[in-house]
Amino acid sequence: KADEGVKQSPVVHSRWNLVLSGCAIIVRGQPRGGPPPERQINLSNIRAGAMARRAAQAQPDTKDTPDEPWAFQAREFLRKKLIGKEVCFTVEIKTALGREYGMVYLGRDTTGENIAEVLVNEGLATVRREGIRGNNPEQARLCELEDQSKASKKGMWSEGGGAHTIRDMKYTIENPRNFVDSLHQKPINAIIEHVRDGSVVRALLLPDYYLVTVMLSGIKCPTFKREADGTETPEPFAAEAKFFTESRLLQRDVQIILESCPNQIILGTILHPNGNITELLLKEGFARCVDWSMAVYTQGAEKLRAAERSAKERKVRIWKDYVAPTANLDQKDRQFVAKVMQVVNADAMVVKLNSGENKTIHLSSIRPPRIEGEVQDKDKRFRPLYDIPYMFEAREFLRKKLIGKKVNVTVDYIRAATGPGEGTPAFAERTCATVTIGGINIAEALVSKGLATVIRYRQDDDQRSSHYDELLAAEARAIKNGKGLHSKKEVPIHRVADISGETQKAKQFLPFLQRAGRSEAVVEYVFSGSRLKLYMPKETCLITFLLAGIECPRSSRNMPGGMQVAEPFSDEAMLFTKELVLQREVEVEVESMDKAGNFIGWLHIEGLNLSVALVENALSKVHFTAERSAYYKTLVSAEEACRLRKEKIWANYEEKPVEEVVHVSEEKERVANYRPVYVTEISDTLHFYAQDVETGGQLESLMETMRAEIAAQPPLEGSYSARRGEYCIAKFADGEWYRARVEKVESPAKVHVFYIDYGNREIVPSTRLAAIPPAFSTRNLPAQATEYAFAFIQIPQDEDARADVVDCIVRDIQNSQCLLNVEYSGVTCPLVTIQFGDTKDDVGLGLVKEGLVMVDVRKEKHLQKMVTEYLNSQESAKSARLNIWRYGDFRADDADEFGYRR
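None of the values given here were measured: they were computed from a predicted structure.

## With respect to the confidence of the model for the protein
So, point 1. Per-residue confidence for the protein averages 85 on the pLDDT scale, and 92% of its residues sit at or above 70.
So, point 2. Predicted confidence for residues 1-7 stays below pLDDT 50, and this span has 13 contacts to residues more than four positions away or in other chains.
So, point 3. Below a pLDDT of 50 lies the segment residues 894-902, which in the model reaches 17 contacts outside its immediate sequence neighbourhood of four places, other chains included.

## Observations concerning the UniProt feature "domain: TNase-like" (unreviewed entry) in the protein
So, point 1. Within the UniProt annotation, "domain: TNase-like" (unreviewed entry) is assigned to residues 19-159, 186-321, 334-488 and 517-652.
So, point 2. The distance from the first to the last C-alpha atom of residues 186-321 is 39 Å, and the span holds 27% helix and 37% strand.

## Side note on the UniProt feature "domain: Tudor" (unreviewed entry) in the protein
So, point 1. Residues annotated by UniProt as "domain: Tudor" (unreviewed entry) correspond here to residues 721-779.
So, point 2. As a span, residues 721-779 carries 0% helix and 49% strand, and end to end its C-alpha atoms are 22 Å apart.

## Comments concerning the side chain of D412
So, point 1. Structurally, D412 can be placed in strand β24 (residues 406-415).
So, point 2. Side-chain polar atoms of D412 contact the side chain of T434, separated by 2.7 Å.
So, point 3. Within the structure, D412 has its side chain in polar contact with the side chain of S466 (distance 2.9 Å).

## Topic: unusual backbone geometry
So, point 1. Omega for the bond connecting L206 with P207 falls within 30 degrees of zero, at 5°, which places this linkage in the cis form.
So, point 2. On the secondary structure map, P207 appears in the loop between β11 (200-205) and β12 (210-216).
So, point 3. Phi is positive for F237, close to 70°, though the residue is something other than glycine.
So, point 4. Mapped onto the elements, F237 comes out in the loop between β15 (232-234) and α5 (238-249).

## Quick word on the side chain of S149
So, point 1. Relative to the helices and strands, S149 resides in helix α3 (residues 137-152).
So, point 2. Note on S149: relative accessible area 1%, which makes it buried.
So, point 3. Among all residues touching S149, those that are not within four sequence positions of it are V120, N121, E122, G123, K154 and W157.

## Thoughts on the nonpolar core
So, point 1. Counting residues in each nonpolar core, the largest one holds 50 residues, and the members touching the most others are M349, I361, L363, I366, L402, V435 and L446.
So, point 2. If one sorts the elements of this core by residue count, helix α11 (residues 391-402) sits on top with 6 residues.
So, point 3. Leave out the neighbours within four places in its chain, and I361 touches F336, D347, A348, M349, V351, V409, T431, A433 and V435.
So, point 4. By size, the runner-up hydrophobic cluster in this structure holds 41 residues, among which are V523, L546, I600 and I605.

## Brief notes about the environment of R858
So, point 1. Secondary-structure assignment places R858 in the loop between β50 (854-855) and α22 (864-879).
So, point 2. A residue is classified by how much of its surface remains accessible, and R858, at 23% relative accessible area, is partly exposed.
So, point 3. In the structure, R858 is positioned 65 residues away from I793 in sequence and 9.9 Å away in space, judged by C-alpha atoms.
So, point 4. Apart from the residues within four sequence positions on either side, R858 is in contact with F792, Y824, L863, Q864 and V867.

## Here's the deal with helix α14 (residues 503-516)
So, point 1. Taking 1.5 Å per residue, 14 residues should reach 20 Å; α14 reaches 20 Å between its end C-alpha atoms and fits that length.
So, point 2. The largest bend in α14 comes to about 35°, at F509, with the proline P511 one to four residues further on.
So, point 3. Among all positions in α14, only A506, F509, L510 and L513 are buried.
So, point 4. Where the residues of α14 are buried, they touch β29 (518-526), β30 (531-536), β31 (541-547), β35 (585-593) and β36 (599-605).
So, point 5. Backbone geometry just after α14 places G517 at a positive phi near 70°.

## Some points on helix α1 (residues 71-82)
Given 3.6 residues to a turn, an α-helix orients residues that are three or four positions apart in the same direction.
So, point 1. Counted at 1.5 Å a residue, the expected span for α1 with its 12 residues is 16 Å, and the 17 Å between its end C-alpha atoms agrees.
So, point 2. Turning to α1, its buried residues are A71, F72, A74, R75, E76, L78, R79 and L82.
So, point 3. Positive backbone phi, at 80°, marks G84, one or two positions downstream of α1.

## Some thoughts on a negative patch on the surface
So, point 1. A cluster of acidic residues, D798, E799, D800, D804 and D807, forms a negative patch on the protein surface.
So, point 2. On the basis of relative accessibility, which here comes to 59%, the residue D800 falls in the exposed class.

## Focus: the packing of aromatic side chains
Here a ring pair, both rings aromatic, is described through the centre-centre distance and the interplanar angle of the planes.
So, point 1. Scanning the model with the defined rule gives 19 aromatic pairs in all.
So, point 2. Consider the rings of F244 and F286, whose centres lie 5.0 Å apart with planes at 45°: the pair is tilted. A residue pair is termed long-range when its members are at least 10 positions apart, and F244 in helix α5 and F286 in the loop between α6 (277-283) and β19 (288-289) qualify at 42 residues.
So, point 3. Overall, the relative accessible area of 5% leaves F286 in the buried class.
So, point 4. Through pairs of rings, three or more aromatic residues link up here, namely F732, Y738, Y755 and Y758.
So, point 5. Sitting above the plane of the F527 ring, R531 keeps its charged end 5.5 Å from the centroid.

## Some thoughts on the sheet that holds strand β44 (residues 761-764)
So, point 1. Spatial ordering of the open sheet is given by β44-β43-β42-β41-β45, a layout of 5 strands whose pairing is antiparallel. Since the sheet does not close on itself, it has two edges, and those belong to β44 and β45 (769-771), each with one partner. Across this sheet, the average inter-strand angle for adjacent strands is 45°, counted without regard to direction.
So, point 2. Sheet analysis places strand β41 (residues 727-731) next to strand β42 (residues 737-747), joined by 5 bridges and oriented antiparallel. Bridging across to β42, I729 finds its partner in R739.
So, point 3. Taken strand by strand, helix α19 (residues 696-712) contacts β41 and β42, and its axis lies near 70° from that of β42.

## A closer look at the pattern of salt bridges
So, point 1. Throughout the structure, instances matching the rule amount to 46 salt bridges.
So, point 2. The partner of R399 in a salt bridge is E396, with the nearest N and O atoms 2.7 Å apart. Pair noted here: R399 and E396 are both in helix α11, with a separation of 3 residues, about one helical turn.
So, point 3. On the accessibility criterion, R399 (4% relative accessible area) is buried.
So, point 4. Here R399 and E585 are joined by a salt bridge, their closest N and O atoms 3.1 Å apart. Of this pair, R399 sits in helix α11 while E585 sits in strand β35, and the two are 186 residues apart along the sequence.
So, point 5. One connected set of salt bridges, linked through shared partners, spans R75, E76, R79, E193 and D253.

## Looking at the sheet that holds strand β46 (residues 786-790)
Each strand in a sheet pairs with its neighbour through backbone hydrogen bonds, running either in the same direction (parallel) or in the opposite one (antiparallel).
So, point 1. Strand order around the closed barrel formed by 5 strands is β39-β40-β46-β49-β48, with mixed pairing between neighbours. For this sheet, the mean inter-axis angle between neighbouring strands, taken without regard to orientation, is 60°.
So, point 2. Bridging between strand β39 (residues 675-682) and strand β40 (residues 687-692) involves 5 bridges; their strand directions are antiparallel. Its bridge partner being in β40, I682 is matched across the sheet by F688.
So, point 3. Against the sheet, helix α20 (residues 799-813) engages β39, β46, β48 (817-825) and β49 (830-836), with an angle of about 130° to β39.

So, how was this worked out
- For every chain, the first residue of the written sequence is number 1, and numbering continues from 1 onward in sequence order.
- Side-chain atom pairs in this predicted model are given and counted only at pLDDT of 80 or more, local residue features only at pLDDT of at least 70, and totals for whole chains, interfaces and linings cover all residues.
- To get the side-chain values, all heavy atoms of the structure are used, and hydrogens and water are removed first.
- What pLDDT conveys is the predictor's confidence in a given residue, as a value from 0 to 100.
- Should any heavy atoms of two residues lie within 4.5 Å, those residues are considered in contact.
- UniProt positions are given in the numbering used here, feature names are shortened, and annotations may be inferred rather than shown by experiment.
- Secondary structure elements follow DSSP: runs of H or I no shorter than four residues count as helices, runs of E no shorter than two count as strands, and numbering proceeds from the N terminus.
- Here a polar contact means two N or O atoms within 3.5 Å. Within protein one must be a hydrogen donor candidate and the other an acceptor candidate, and residues neighboring in sequence count only if both atoms are side-chain atoms.
- Between buried and exposed lies partly exposed: a residue is buried under 20% and exposed over 50% of the maximum accessible area for its type, with that area taken using a 1.4 Å probe on protein chains only.
- Joining through side-chain atoms within 4.5 Å is the link that ties buried Ala, Val, Leu, Ile, Met, Phe, Trp, Tyr and Cys residues into a set, and such a set is a nonpolar core.
- The span one expects for a helix is its residue count, reduced by one, times 1.5 Å.
- Bend at a given residue is defined as the angle between two axes, one fitted to the seven residues that end at that position and one fitted to the seven that begin there.
- Two distance rules govern patches: like charges are joined within 9 Å, and nonpolar side chains (Val, Leu, Ile, Met, Phe, Trp, Tyr) within 5 Å, applied only to residues with over 30% relative accessible area and no salt bridge.
- Method for areas: the Shrake-Rupley scheme with a 1.4 Å probe, in which residue coverage is limited to the protein chains shown.
- When a carboxyl oxygen of Asp or Glu lies within 4 Å of a side-chain nitrogen of Lys or Arg, that pair is called a salt bridge.
- The charge count treats Lys and Arg as positive and Asp and Glu as negative. His and the chain ends do not count.
- Every charge is mapped to an atom, namely NZ of Lys, CZ of Arg, CG of Asp or CD of Glu.
- Between 30 and 60 degrees the pair is tilted, below 30 it is stacked and above 60 it is edge-to-face, where a pair is any two Phe, Tyr or Trp rings, Trp via its six-membered ring, whose centres lie within 6.5 Å.
- Lysine and arginine charges are scored as sitting over a ring when NZ or CZ, respectively, is within 6 Å of the ring centre and within 35 degrees of the ring normal.
- DSSP calls a pair of strands paired once it identifies at least 2 bridges connecting them.
- A fitted line through C-alpha atoms serves as each axis, taken over the contacting stretch for helices, and the angle formed by two N-to-C directions is quoted from 0 to 180°.

If you want it as structure tokens, here you go:
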């Protein structure tokens, strides 16, 4: 350091220099643990012109001061000579105000080039002759050089004065956005005049002398916060970041690409032969990436993210306390390959890991389509997949691309579980990841098609996709091209009819599906091993589908009588079906339907019959209904193989003793086991409902107790809200309450109910319904009315003829006690013969004898005796031309046309 009382100080070295003007420079020592201290050295005995200065903004009366002639050339001469070079200096005088005057030399010692002498020699500075002493050789040398320069007419001594050396400085730009756009992102030459902080500089644009503030695109360094009293408080690492940029760029010749100008802020990238300062600041932990300006960065946003990632991993400077979002995950949990089993909505999927475990993965940083505002039709059941615009398209895109395929999963962050807030639902913990297949980022593909949007984050929120910039770029493309959610076209509407459990609709639809043969379908949901929900794309409807020909273990289900316990291997069967067909495209053959409106048939996937596959894997047994199908032999042989191996459901199977087998084969006689029943209701299709006489007393007792309880505590009228499938009590026309089941709710005024103990149906207002008291539920006494149909008879299609039969039956057996015997099973109910309680005559046979019905010929051997008796009675009726036979045997020529079969 200079000794204040001494006129000559020791030699001091410096490598960080800043040229203020032609006769003043700032030198800095070696940095130790932070930016080094600065010293301003004014060159002794010479004077160079003053540089242009802008008027103080706070003082509107002051004006800009222009350059003095040759001032800028002197500064430039020194800048090019000294910046980045090592210099040494001696301090000759230090004034009372602290200004230091001395000599500066290029190089490590005073034998180097004397800067003052060079400036005078070039005609860029004048010698202060007024303070010269005759005995000072250095001062004499300066005077001699000045005289030579004058003689040679160098610099300021040239003819014509120096007006041409004064710059036309432009401190403001009227329309910065137009100015930036006009440059078309071409690199322009510039000098960095000032560094405000690590990522904001003042640059002199050449050759037009615009002095502009440029913020580095894509990053932000710690800044200096200006306090109310005018002082500045640096954020952590702000001073270090500023020095990092200063030491590399200040007063250097650079090229700048001006990239954008949002809100009057000019964003740009500074190019220097030694590298890109933006990337360097990130790599050294002096800056962080910022999304809002990253989009305009022209040199590759992925390089910036990589540089920032490197600093985070090394925990340098601003990242010293950084903890990665996936820091607590093992490498195997961070990156893995998995098989996609199911697509959930449009931003999540269930994948199967190598361990066999299923895991739900959410796509990072994207939001699936969602509905704006409230749902319009409150009465209609809201189905997100079909009712939210573009949700179905997004789900289908993912389903077709991913189901059953192996994907690469890179976990980006784990989103913690959140509790329900005001207006926001609760979310379980989510694993958010980037999922790729064949090098394609699925989230990016979704966003680029306009089937999802990108989530915006707070700047310091690190829980985001590792490919966030690509997602933003994809969204910008989708918006520009008007894709999907960003389209101005009409929103696609999916009118999908759900006919699951809608018996009437299903009945109308059944013939159509039967005629269609094999129909295309997508498996939307798997309820159990053999029960599925299918979407039929051509018919745009949803159906419940039961696999034909097999008996699959039942899963646990909520039944009216309580929870039904799951049968062994039901979960395995369900998992098997899920893995094989869930969300896959399949083909179905519909054969029939059950009384609940579910379709029954065969399902094929890539040539494989699912019923056969379940039997082959010992997860189902063959049902006797398979006998009539083309797949019966395959099913039986598969079942036999599993039975012999005693696999899964056959593990505890025991072969029946031979004696029993002989007994069964001989037992071909019809079993007549008539029991007394009370017929309560007869339908138009000749099905009827009957109560067992044995349990009749229990029903009467229950009804008496129930009515007494209701009389003591009458239900509040209108308090019951009816739901399809629920058990309740209903007030019949006689003013009494009966147990019932809700079959359909058209409106509160029209509720279809079925009286479960009597078999009759009625449409009632909900004011005549109430919740069933628990003591009288079906758990304590099952429904007493059982549905039956007549065996061996076929009712005529003609409406008048059918009405005659129904009237006859109602007259003969309704509300009377009869004897009933089950002969064989039907699709919806058992088929029976019924005898009058007193005469023991067969009611069905009587109908045949009177010529009111035809015989349904059965092929079973043990029933042949009965069938023969019925056929003989039919021939007698035909001969006598009774009722339907009055015009002879009408079935001979046009049986098909009239829907009869012989």
